[in-house]
Amino acid sequence: MRPLSILVTFTASWGFSVKDLGTTAYQPSFILPPPTTAIGALTSGVARALGRLYEDSKLLEVVDRATLYAGFSVEGAIAQHVDISRYIIRVYMRPANRKYPQYQFGAVPVGKTYVYGRLKMLMALDPSKLTLEVRQVLNKAPYYITRIGMKEGIVAVDEVKVGEAEEREVFDSSFYQRVDCAEVVGEGFLTVSYWKGGFTDEAEERVAYIVPGIKGDYFTSTKLKFRAKKKGYVFEGEGFATCE
């Protein structure tokens, strides 16, 4: 059975901020959102398409279990930045000190990733692992996505394409690929380590990804040729590899 693929193009109001797990005093943002952000964004869209205000754990489990691939790329340029934000820290103070104004707030370096152009999200799902109610709304669910990453990372959906991917061992892609699922042919890429799974015990496990692109003062996605180690697919000119 061919994967059901979804390609979404967004215009970001400014960009996004997705911080690594375990960051505290210093909170840099990833250069591109991790796969779990794509899974969460689609689940949010599915929930709204079903008439719900918020996604729940059961709905997230359905989408996560069916996901064969999830990733992002950029059509344009990306700039990473860290600035000082004012955070309420009184909850971390000793009870005796919480009443004092000088202990109410603190300065925390927070990372932001600015998008100059359009952000693209690609997902591939196994239809046999989706429930009937989710399958019925997948064509319209991506249009309900309103943010990527933190709640201030507002996006507008420009285009949605949904269909079946074609199997192909060698493919071109501007989307990142897991190093244990595909090998890259050519130069011009970064490697990024994302966590596996969501905010659970499994999140402590890290997975390396090949990110096609060139980074100087800005990062720009480029297309690279990949060879799938297990199975590779192409949808709307963008390839991806799965580990199943």
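Residues numbered from 1 in each chain as written. Predicted model: local features only at pLDDT ≥ 70, side-chain atom pairs only at ≥ 80, totals over all residues. Heavy atoms only, no water.

Draft legend 1. View of the pairing of strand β16 (residues 238-242). Judged by how many residues are buried, β16 sits mostly within the fold: five of five residues are covered. Side chains E238, F240 and T242 of β16 all project onto a buried face; the interleaved residues G239 and A241 project onto the opposite face, where all are buried too. Strand direction decides the pairing type here: strand β15 (residues 231-235) and β16, joined by five bridges, are antiparallel. Residue pairing in the sheet places G232 in a bridge with A241 of β16. In sequence, β15 turns back onto β16 through a hairpin of two residues, with E236 there showing a positive phi of about 50 degrees. (Buried < 20%, exposed > 50% of the residue type's maximum accessible area, 1.4 Å probe, protein only. Helix = DSSP H or I, 4+ residues; strand = E, 2+ residues; numbered from the N terminus. Pairing = 2+ DSSP bridges.)

Draft legend 2. Just unusual backbone geometry, in detail. A positive phi is found at E236, a non-glycine position, where the angle reads about 50 degrees. Structurally, the position occupied by E236 is in the loop between β15 and β16.

Draft legend 3. Inspection of the state of the cysteines at higher detail. This model, assessed by the stated rule, comprises one disulfide. Disulfide partner of C181: C243, at an S-S distance of 1.4 Å. Taking the sign of the S-S torsion, -50 degrees for the link of C181 and C243, the bridge is left-handed. Here C181 is found in the loop between β8 (177-178) and β9 (182-185), whereas its partner C243 is found in the segment after β16, with 62 residues between them in sequence. Of the residues examined, C181 reaches a relative accessible area of 2% and is grouped as buried. Note on C243: relative accessible area 24%, which makes it partly exposed. (Disulfide = S-S within 2.5 Å.)

Draft legend 4. Structural context of the sheet that holds β15. Pairing is antiparallel across the open sheet formed by three strands, whose spatial order is β6-β15-β16. In this open sheet, the two strands that pair with only one neighbour each are β6 (166-167) and β16.

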